[in-house]
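So the chains spell out like this:
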Amino acid sequence: MKILLLNAGSSSLKATLVDQHAGIVLAQAKADWAGEATRYEFIAQDGVARTEVVAEMRYGETVRRFLSDLRQGQSPGLLHLSELAAVGHRFVHGGEYQTSIQITPEVRSRIEQLRELAPLHNPSSLETLAAAEAELPDVPHIAVFDTAFHSTMPPEAYTYAIPKNWTRDWGIRRFGFHGLSHAYCSRQAAKMLDRPSDNLRLVICHLGHGCSASAVHGGQCVDTTMGFTPLEGLMMATRSGSIDPGVLFHLQHHQGLTAEEIEQTLNHDSGLLGVSGISADMRQVSAAASDGDKQARLAIAIYVHRVRQAIGALTVTMGGIDALVFTAGVGENDAEIREVICSGLECLGLELDSKTNIACKPDADIATENSRARILVIATREDETMLREVQAVMGLPTKDSGKTKVEP
């Protein structure tokens, strides 16, 4: 039996077909319409890739195209739709859901109500779900939530200092996000360090288009930087991260901005893009900073400052740190940003080996030999966490997907 995993982003959709018994990736696809043209990439199990620039292709079209491609060629990954045991769907915001769950009309309705709390992601996941259910009506569909991993946070970490009826009656609390990535990295870190997770203190920095950090103690999240929505916490590509709520009142009362205008700006026009005025892409901002652009330099300085603050705070939350983990696009690939972040963290027992850092390819330990705590760079595998969650809901043996994966 095979499992299909669908990971919808704000401007992309990743699809992965996994052989449930062998635990290997049979095929992958990614549609990305963030740039000027939509790109569609399909990778078969043998590693042969096909890339196309296509006409408008959104979530529904991508699902249908992937299912069609899976049944084509000399070695089709899927001979018949009946081979599918389940379809896993990533949802960024799961609200009060603390575990993955099979999707029913009631579950779908409750997820629909969370749409505005993750406006960059939940709507796209719902659109993907609708298309997949139309194509695969007889296959169980499983919702896997980014918020679930953080449900182990204690009340003092997830409760805001607001009137109790806001929390009790309206459900206002900190949820945390990027949970699929944080969960995978916590397991992988334990493997790399050859230590049981139950005595590990990890600070995991997921630095991509969205950014968050978490404190994971004994394999469980005890605190994280994102909150009620994915807007809280670290500075991101286009999101502001944490900001004084008084600023919002000031903008409404004195500048005449509406709530909708403020929400749009904080989600789409802030962060690296807003400060630098150049790009939301760290590579382009770094290039401009190297050329002497002051705003680009300021954007990077703020970004690094926020991450360093979070690492310190999360370390204190656990009473120490055994390993710092970098993951996601910037975390995995930008050696310079990692080095600047780690500069001065010797007080926490974190000493970066500059040469190893520059040359490293994930998964790697980039700390010096004498560093009291380790510094790891881990290639995140959200699909592997999704697979484990789908297997658990379906009562199937849990087995990580094999390393046959080739990133689109």
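Look a little higher up for the structure.
About the criteria used
- Residues numbered from 1 in each chain as written.
- Predicted model: local features only at pLDDT ≥ 70, side-chain atom pairs only at ≥ 80, totals over all residues.
- Heavy atoms only, no water.
- Helix = DSSP H or I, 4+ residues; strand = E, 2+ residues; numbered from the N terminus.
- Rg over C-alpha atoms; globule rule 2.2 N^0.38 Å.
- Buried < 20%, exposed > 50% of the residue type's maximum accessible area, 1.4 Å probe, protein only.
- Contact = heavy atoms within 4.5 Å.
- Areas by Shrake-Rupley, 256 points an atom, 1.4 Å probe, with all protein chains shown as cover.
- Lys, Arg positive; Asp, Glu negative; His and termini not counted.
- Charge placed at Lys NZ, Arg CZ, Asp CG, Glu CD.
- Core = buried A, V, L, I, M, F, W, Y, C linked by side-chain atoms within 4.5 Å.
- 1 Å grid on protein atoms, 1.4 Å probe; cavity = no way out; pocket = protein on both sides within 12 Å on 5 of 7 lines; lining within 4 Å.
- Points joined across faces, edges and corners; volume = space filled by probe spheres on them.
- Nonpolar A, V, L, I, M, F, W, Y, C, P; charged D, E, K, R; others polar.
- Pairing = 2+ DSSP bridges.
- Axes fitted to C-alpha atoms, helices over the stretch in contact; angles between N-to-C directions.
- Salt bridge = Lys/Arg side-chain N within 4 Å of Asp/Glu carboxyl O.

A. Examining the overall build of the protein more closely. Across its full length, the protein holds 15 helices and 14 strands. By the compact-globule yardstick of 22 Å for 408 residues, the protein fits well, its C-alpha radius of gyration being 21 Å. Dimensions of the protein along its principal axes, counting C-alpha atoms only, are 55 × 55 × 45 Å. Here the protein holds 408 residues, and the buried ones make up 51% of them. Excluding contacts between residues fewer than 6 apart, the proportion of contacts in the protein whose partners are at least 24 apart in sequence is 63%. As displayed, the protein has an accessible area near 18,200 Å², and 51% of this comes from carbon and sulfur atoms. Side chains of the protein give 37 positive and 50 negative charges; the mean places of these two sets differ by 3 Å.

B. Region of interest: the nonpolar core. Formed by 46 residues in total, the largest nonpolar core has its most connected members in Cys205, Leu207, Tyr303 and Leu324. Here this core gets 10 residues from one element, more than from any other, and that element is helix α11 (residues 294–318). Excluding residues that lie within four positions of it along the chain, tyrosine 303 makes contacts with Leu207, Cys211, Met235, Leu272, Met282, Val330 and Ile337.

C. Representation of the layout of surface pockets within the structure. In this structure, the second largest pocket spans a volume of roughly 1,100 Å³. Considering the residues around the second largest pocket, the lining is formed by 29 residues, among which Phe228, Thr229, Leu231, Leu248 and Leu266 are closest to the centre. Elements that contribute at least two residues to the lining of the second largest pocket include exactly α7 (245–254) and α8 (259–268). Of the residues forming the lining of the second largest pocket, the biggest block, 5 residues, is contributed by α8. Counted by class, the lining of the second largest pocket contains 18 nonpolar, 7 polar and 4 charged residues.

D. Quick look at the sheet that holds strand β6 (residues 84–91). Strand order in this open sheet of 8 strands is β5-β4-β3-β2-β1-β6-β8-β7, and the pairing throughout is mixed. Because the sheet does not close on itself, it has two edges, and the strands there are β5 (49–54) and β7 (101–102). With 6 bridges connecting them, strand β3 (residues 24–32) and strand β4 (residues 38–44) associate as antiparallel partners. Bridging across to β4, aspartate 32 finds its partner in arginine 39. Most of the contacts of helix α1 (residues 59–70) go to strand β2 (residues 12–19), to which it runs at about 30°, and overall it touches β1 (2–8), β2, β3, β4 and β5.

E. Layout of the pattern of salt bridges. Tallying each qualifying case throughout the model produces 18 salt bridges. Measuring nitrogen to oxygen at the nearest pair gives 2.4 Å for the salt bridge that ties arginine 65 to glutamate 52. A residue pair is termed long-range when its members are at least 10 positions apart, and arginine 65 in helix α1 and glutamate 52 in strand β5 qualify at 13 residues. A salt bridge links aspartate 322 to arginine 195; the nearest nitrogen and oxygen atoms lie 3.9 Å apart. One end of the pair, aspartate 322, is in the loop between α11 and β12 (323–327); the other, arginine 195, is in the loop between α6 (179–193) and β9 (201–207), and 127 residues separate them in sequence. For aspartate 322, a relative accessible area of 14% corresponds to the buried category. Among the residues examined, arginine 195 registers a relative accessible area of 32% and is labelled partly exposed.

Just geometry here; none of it tells us what the structure is for.
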